[in-house]
Amino acid sequence: MKTDQGKHSSPTFITELAERILKENDGKLDQVTVVFPNRRAGLFFRQSLSAFITRPIWMPEVASMQDFVGRFSTARPIETLEAIFVLFEVYKAHQKNEETFDQFFFWGEMILRDFEEIDQYLVNPEQLFTSIKSQKELDEEFYFLDEEDKRIIQSFWSSFLPKTTRSQEAFLETWKILLPIYTEFKATLRRRGEAYGGMIYREIVEHLSETHLRTGRKVYFAGFNALTFTEEKIIKHFVQEENAQVIWDLDDYYFSNPRQEAGFFLRDYARDSILGKTFPTERPQRFETEKQMDATGVSLEVGQTKALAEILKELSSNESFDPQRAVVVLPKEHMLFPTLHAIPDEIDKVNITMGYPLKDTPVYSLLESVLLLQNMRKDNLINGTSFYYKPLIELLEHPLLYVLEEEPIKKLVREIRTRNRITLYQEEIVLEHPIFTLIFQKPENAFEYLLSILKELYATWKDKSHDLELEFISRFYLHVSQLHEMMGERSQGLSYDFLIKLFRRLARTLKIPFTGEPLNGLQVMGILETRNLDFDHVFILNMNEDSWPAAPRRGSFIPYNIRKAFDLPVFDHQDAIYAYLFYRLLQRARHVHFFYNTVAEFNVNGELSRLVQQLEVESKFTIHKRILASPIKTEAPRPIVIQKNEPILRKMERYLEGFEGDRETRPSAFTPSAINTYLDCRLKFYFKYVERLYEPDVVQEEMDPMVFGNILHDSMELLYKEFIKREKRDVVYPEDLFWIREGVRGAINKAFIKHYGIKNEKKFQLEGRSVIAADILTKFIHKILEYDKQYAPYRILGLEADSRDGYSIDFPIAADGKARRVRLKGIIDRLDIKEGKVRVIDYKTGRDEKVFTTVESLVDREDKNRKKAVFQVLFYSYLFKKKFVGDYEVIEPGIFNSRDLFSKDFEWKVFDNQQKTGVSNFDQYEAGFEQVLEDVLTEMYSVNQPFDQTTDHKKCGFCPYREICGR
């Protein structure tokens, strides 16, 4: 990119102002006051003024408008939060419905904003808050308005007349009490010697004739644009009474063109009988001087900072480039740190006018998690205190806490995730650092609680050379202390839900100012901070529609029509302000570069701002546009095929007979689940069982089918184990089922305790979704026991616990001419025997079918309805047949599945659809099953069969490895 560096910088508005004031006062500035819209411009003014001074003199007084006006009032400016507290007390006296402070707070802010604007724009509150009952009253009450304003108001109130809906009545009720609230609120503040900003301005305006509103000095009002009515009257007063001067920062380009919204307010003031005399007869025409303008579209925001960095790096190589005469404007404050990271090393000095939002600091996230933890804690007299896992894990893994006790925290978090613990009891959280004792206490006062944590946090980190964290902690301690003091007794009894909302809102508005030399280096600013300042090089990021000008978001109780009629600010007002700031920033610049996001997502409009498009159409400038994009070649995902080389085959040896392994790799065995996985997708089998890429443990609040099934299995096992232990026999008679049924709820509780690893069983209590799951499980188990009663008497041969190690075999195969013995293992839910018939029972809580056609179909990977549950129970039957030593005649595989359990014609046997009969003797299927099992295992170990992807993409939907596959 070529830049014109040969030209000299044009004088800035601040420089011209300094030179003029010095000249007009003959160097005697001790009786001069210069008032700016904000404090930032005053710093640059002092610097510019010093450049013209050749001898020691007194500097003029420099003030912002707020500071200047505030000196004429005896009232103490009240903080917004404190004002809302006072407003709430007044509100309660006028509102029929009982409301708490936390319910009132967030629209109390809106009422306060409306009162602020009513006073700033000198609206008559009695006329504004008129309650209308008829069209006649409408005409009478608003007699003082002109016909156009009357029509505007009538268009609003006509929707309420003559009949109103319930929502309209609610609006009218609120509208009626706003006037008495407004009146009493201001009277209360006066008694306290306090006032909000608009109230201070209004009371000063109402006493303009009094002598105390004089300075005895020469006053300059510099760089103003959009004035409130009170500001306008105050400035007019000083112009008339003290011959004050108003110096406007404008350009003829947008001032003289009535279609340019940037000059809307200035043209209005120029027509005023008093302010009009302060405008120059010859208006500056700097805007259309030669400029270079570029617009760069980049996908995503971080791309804009990278493009900015390239341009800054090129500019910095030119000796004539002065970083102090360059500014980076950020309409979006969250772009601050990405921008700072992108600024090249060649620019060694950067001044940041924007503050760093406290909400983006690690201390904020820590305190928010603390409040969430307390908000969701449960205190039970019997079971003690328990904490919800989400804020608990966020706290434990927070960088400011995790390093304090890394190993115990790691172990605790692993316990929560592997055990799927939704809640954790306080006694299970064993951490020694004092800060954890503070965090997990039950606080009586939330603010004192937060302050104690911040104090301990500071003491913990003060010796660790983390200055930035200490600054964040100190700032939060200061603000929480002020909030505590401000709220006083009101802080007792506030809900944590409200405190969290309040905390989030305050953290969004609070910022940590950056310290440094504000007059040196590249300037990084927000939009409002650019007022009255001029630069040669202007770089604006996020120059998208809805960023500059910003989308209107403020709420109000005063409808648009009435705001319009009473000259209160509306959307047009905001657009005119942003348009002025845009054109004013450009009017003296030589090089302007806009960056915008081309991607329309993440709440971002992917369109270049209308201000830039308007500039391109209406001005003489050519905006050089370019779109930066990374060339992306889209290719169809290539199939993943893993050939069985030597390293892979060695990993598969862990499933073979004779493999001993070591500490890292232990012997293992294939279960029906592993074989079903292989049949579903060979690649998924490879990831899970060969490479052991296990899924990370994630706490699931919804009980998934696997957990549900495990608790069902454990409950049934516990019921029968307890029966055998109590009766000292394993034969179950019909009458026994009554007593077994009585223990169902206790068995379910024990199963939950076992699953979640509860150490203190006495404190365990089902809660939340677990209560619903336990009720469903109770119905399932009662139904199973009902069928058991019909089947009794029978003898229990084995339960799930008995089969964990007992039912495993080494299965012989010959893959690639090499004999191997593959370890197979199965955990059988239940085995019982009656009259020589052994039932191999599997409990299923899903929608598993138990009807099949052929044994071969059970391993047919092309069959989309392959019966996995039937394969599993036949696998168990095969293991039992090969392993069990004892007298029996036949093996009957069976499934108790929830899909059919409550049907009138329920049958537990597996059904052969080809033979049209239930499987009553596994022997008939043994040879065929053994053959298909051999075929699958042989293929599994064959070098010629790689691990490849399934062709059925529906199976990929919930596969944990789909990101690796690109599906």
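If you're wondering where the values come from, they're calculated on a predicted model, not measured in any experiment. (Residues numbered from 1 in each chain as written. Predicted model: local features only at pLDDT ≥ 70, side-chain atom pairs only at ≥ 80, totals over all residues. Heavy atoms only, no water.)

Novice: Mind showing me how you'd approach the overall build of the protein here?
Specialist: Helix and strand counts for the protein stand at 38 helices and 30 strands. Principal-axis analysis of the C-alpha atoms places the extent of the protein at approximately 120 × 70 × 60 Å. Within the span of the protein, comprising 967 residues, buried residues form 51% of the whole. Once local pairs closer than 6 in sequence are excluded, the contacts in the protein between residues at least 24 apart make up 77%. Put simply, the protein shows about 47600 Å² of open surface, and 49% of that area lies on carbon and sulfur atoms. When the 134 positive and 151 negative side-chain charges of the protein are each reduced to one mean point, those points stand 2 Å apart. (Helix = DSSP H or I, 4+ residues; strand = E, 2+ residues; numbered from the N terminus. Buried < 20%, exposed > 50% of the residue type's maximum accessible area, 1.4 Å probe, protein only. Contact = heavy atoms within 4.5 Å. Areas by Shrake-Rupley, 256 points an atom, 1.4 Å probe, with all protein chains shown as cover. Lys, Arg positive; Asp, Glu negative; His and termini not counted. Charge placed at Lys NZ, Arg CZ, Asp CG, Glu CD.)

Novice: Help me understand the packing of aromatic side chains, please; the structure alone is not making it clear to me.
Specialist: Any aromatic ring pair is given by two values, namely how distant the centres are and how the planes are angled relative to each other. Per the stated rule, a full pass over the model turns up 57 aromatic pairs. Ring plane angle 15 degrees and centroid distance 4.1 Å describe the contact between Tyr-655 and Phe-670, whose orientation is recorded as stacked. Here the residue Tyr-655 occupies a position in the loop between helix 27 (646-652) and helix 28 (672-680), and Phe-670 occupies one in the loop between helix 27 and helix 28, the gap between them amounting to 15 residues. Against the face of Phe-947 rests Lys-644, its NZ or CZ located 4.8 Å from the ring centre. (Phe/Tyr/Trp six-rings, centres within 6.5 Å; stacked < 30°, edge-to-face > 60°. Lys NZ or Arg CZ within 6 Å of the ring centre and 35° of its normal.)

Novice: Please explain empty space enclosed by the protein as it appears in this structure.
Specialist: Where empty space is left in the structure can be found by rolling a water-sized probe over the atoms. With the rule as written, the count across this model stands at one cavity of 30 Å³ or more. Considered as a void within the structure, the largest cavity measures approximately 30 Å³ in volume. Together, Leu-712, Phe-780, Ile-784, Lys-844, Phe-896, Asn-897, Ser-898 and Leu-901 line the largest cavity. Those elements that place two or more of their residues in the lining of the largest cavity are helix 33 (769-791), strand 27 (890-897) and helix 36 (898-901). (1 Å grid on protein atoms, 1.4 Å probe; cavity = no way out; pocket = protein on both sides within 12 Å on 5 of 7 lines; lining within 4 Å. Points joined across faces, edges and corners; volume = space filled by probe spheres on them.)

Novice: Is there a simple way to think about the pairing of strand 16 (residues 537-540) in this case?
Specialist: Walk down a regular strand and you will see the side chains alternate between the two sheet faces. Both faces of strand 16 are covered, namely the face carrying His-537 and Phe-539 and the face carrying Val-538 and Ile-540. With four bridges connecting them, strand 8 (residues 326-329) and strand 16 associate as parallel partners. Within the sheet, the bridge partner assigned to Val-328 lies in strand 16 and is Phe-539. Sheet analysis places strand 16 next to strand 17 (residues 591-597), joined by four bridges and oriented parallel. Opposite Val-538, over in strand 17, you have Val-592 as the bridge partner. (Pairing = 2+ DSSP bridges.)

Novice: Sorry, what's going on with the sheet that holds strand 28 (residues 911-912) here?
Specialist: Remark on secondary structure: sheet strands pair via backbone hydrogen bonds, oriented parallel or antiparallel. Sheet architecture is open: three strands sit in the order 26-28-29, paired in mixed fashion. Lying at the two open borders of the sheet, with one neighbouring strand each, are strand 26 (851-852) and strand 29 (917-918). The pairing of strand 26 with strand 28 spans two bridges and is classified as parallel. Opposite Val-851, over in strand 28, you have Phe-911 as the bridge partner.

Novice: Looking at this structure, how should I read the pattern of salt bridges?
Specialist: Oppositely charged side chains are able to pair whenever their charged atoms sit close together. Within the structure shown, the criterion is met by 63 salt bridges. The closest approach of N and O atoms between Asp-788 and Arg-830, which form a salt bridge, is 2.9 Å. Of this pair, Asp-788 sits in helix 33 while Arg-830 is found in strand 24 (residues 830-834), placing the two residues 42 residues apart along the sequence. Neither Asp-788 nor Arg-830 differs from the other in exposure class; each is buried. Sharing partners across several salt bridges, the network here consists of Glu-16, Asp-249, Arg-286, Asp-534, Arg-584 and Arg-588. (Salt bridge = Lys/Arg side-chain N within 4 Å of Asp/Glu carboxyl O.)

Novice: Explanation requested: the pairing of strand 2 (residues 61-64) in the structure shown.
Specialist: Of the strand pairs in this sheet, strand 1 (residues 32-36) and strand 2 are connected by four bridges, and their pairing is parallel. Pairing of Val-34 across the sheet is with Val-62, part of strand 2. Crossover handedness for the path strand 1 to helix 2 (residues 39-52) to strand 2: right-handed. (Right-handed = clockwise from strand over helix to strand, strands pointing away.)

Novice: Is there a simple way to explain a negative patch on the surface in this structure?
Specialist: A cluster of acidic residues, Asp-139, Asp-146, Glu-147, Glu-148 and Asp-567, forms a negative patch at the surface. Along the chain, the position of Asp-567 falls in the loop between helix 24 (560-565) and helix 25 (571-586). Relative accessible area serves as the criterion here: at 47%, Asp-567 is assigned to the partly exposed category. (Patch = residues over 30% accessible without salt bridge, like charges linked within 9 Å, V, L, I, M, F, W, Y side chains within 5 Å.)

Novice: Where do I start with the nonpolar core in this structure?
Specialist: Proteins that are soluble and globular tend to have nonpolar side chains buried together. Among the nonpolar cores identified, the biggest contains 205 residues, and Phe-45, Phe-115, Phe-185, Phe-221, Trp-548, Phe-582 and Phe-594 are the most heavily contacted of them. Counting residues in hydrophobic clusters, the runner-up holds 60 residues, among them Leu-683, Val-822, Leu-824 and Val-840. (Core = buried A, V, L, I, M, F, W, Y, C linked by side-chain atoms within 4.5 Å.)

Novice: What exactly am I supposed to notice about the confidence of the model for the protein here?
Specialist: On average, the protein scores 86 in pLDDT, and the residues at 70 or more come to 90%. Across residues 1-7 the pLDDT falls below 50, and counting only partners more than four positions away or on other chains, this stretch makes 20 contacts in the model. (pLDDT = per-residue confidence, 0-100.)

Novice: Quick question: what am I supposed to make of helix 2 here?
Specialist: One turn of the α-helix equals 3.6 residues, which is why residues spaced by three or four share an orientation. Arg-40, Ala-41, Gly-42, Phe-44, Phe-45, Ser-48 and Leu-49 are the residues of helix 2 that are buried. The inward-facing, buried residues of helix 2 contact helix 1 (13-24), strand 1, strand 2, strand 9 (350-352) and strand 15 (522-525). Sitting at the head of helix 2, Asn-38 places a side-chain oxygen 3.4 Å from the backbone nitrogen of Ala-41. (Polar contact = N/O pair within 3.5 Å; in protein donor to acceptor, adjacent residues only side chain to side chain.)

Novice: What exactly am I supposed to notice about the packing of helix 35 (residues 868-883) against helix 37 (residues 923-941) here?
Specialist: Any two packed helices are characterised by the angle at which their axes cross and by the distance between the axes. Between helix 35 and helix 37, the least distance of the axes is 10 Å, while the angle of their chain directions is 105 degrees. Taken together, the axes of helix 35 and helix 37 lie roughly perpendicular to each other. Residue-level inspection shows Phe-871, Leu-874, Phe-875, Tyr-878, Lys-881 and Lys-882 of helix 35 in contact with helix 37, the latter providing Asp-923, Glu-926, Phe-929, Glu-930 and Leu-933. Here the contact of helix 35 with helix 37 is built from residues that sort into six nonpolar, no polar and five charged. (Axes fitted to C-alpha atoms, helices over the stretch in contact; angles between N-to-C directions. Parallel < 35°, antiparallel > 145°, perpendicular 65-115°, else oblique. Nonpolar A, V, L, I, M, F, W, Y, C, P; charged D, E, K, R; others polar.)

Novice: Just checking my understanding: could you explain the state of the cysteines for this structure?
Specialist: Simply put, disulfide is the name for a covalent bond between the sulfur atoms of two cysteines. Under the definition given, this model contains zero disulfides. No disulfide involves Cys-681; its sulfur sits 6.3 Å from that of Cys-965, the nearest cysteine. Cys-959 supplies the cysteine sulfur nearest to Cys-965, a cysteine that is in no disulfide, at a spacing of 6.1 Å. Classification of Cys-965 as buried rests on a relative accessible area of 15%. (Disulfide = S-S within 2.5 Å.)

Novice: Sorry, what's going on with the sheet that holds strand 13 (residues 423-425) here?
Specialist: Here we have three strands laid out as an open sheet, ordered 11-12-13, and antiparallel in their pairing. Among the strands making up the open sheet, the edge pair consists of strand 11 (378-380) and strand 13. Adjacent strand axes in the sheet meet at a mean angle of 25 degrees, parallel and antiparallel pairs treated alike. Pairing analysis gives three bridges linking strand 11 to strand 12 (residues 384-388), with the strands arranged antiparallel. Across the sheet, Lys-378 pairs through a bridge with Ser-386, a residue of strand 12. On top of the sheet, helix 17 (residues 389-396) reaches strand 12 and strand 13; it is set at about 75 degrees to strand 12, its chief contact.

Novice: Would you take a moment to explain the environment of Phe-88 for this structure?
Specialist: Following the sequence through the fold, Phe-88 ends up in helix 4 (residues 80-92). In this structure Phe-88 touches Glu-99, Thr-100, Phe-101 and Phe-104, once residues within four positions along its chain are discounted.

Novice: When you look at the side chain of Glu-232 in this model, what are you seeing that I'm missing?
Specialist: Looking at the secondary structure, you find Glu-232 in helix 11 (residues 229-242). Look past the residues within four positions of Glu-232 in its chain and what remains in contact with it is Leu-227, Tyr-269, Asp-272 and Leu-275.

Novice: Looking at this structure, how should I read unusual backbone geometry?
Specialist: Note on backbone geometry: most residues besides glycine have negative phi, and most peptide bonds are trans. Residue Trp-548 is joined to Pro-549 through a cis peptide bond whose omega torsion reads 0 degrees. Following the sequence through the fold, Pro-549 ends up in the loop between strand 16 and helix 24. Between Ala-792 and the following residue, Pro-793, the backbone shows a cis peptide bond with an omega angle of 5 degrees. Among the secondary structure elements, Pro-793 is positioned in the loop between helix 33 and strand 21 (794-799). With phi around 75 degrees, Asn-532 is a residue other than glycine that occupies positive phi space.

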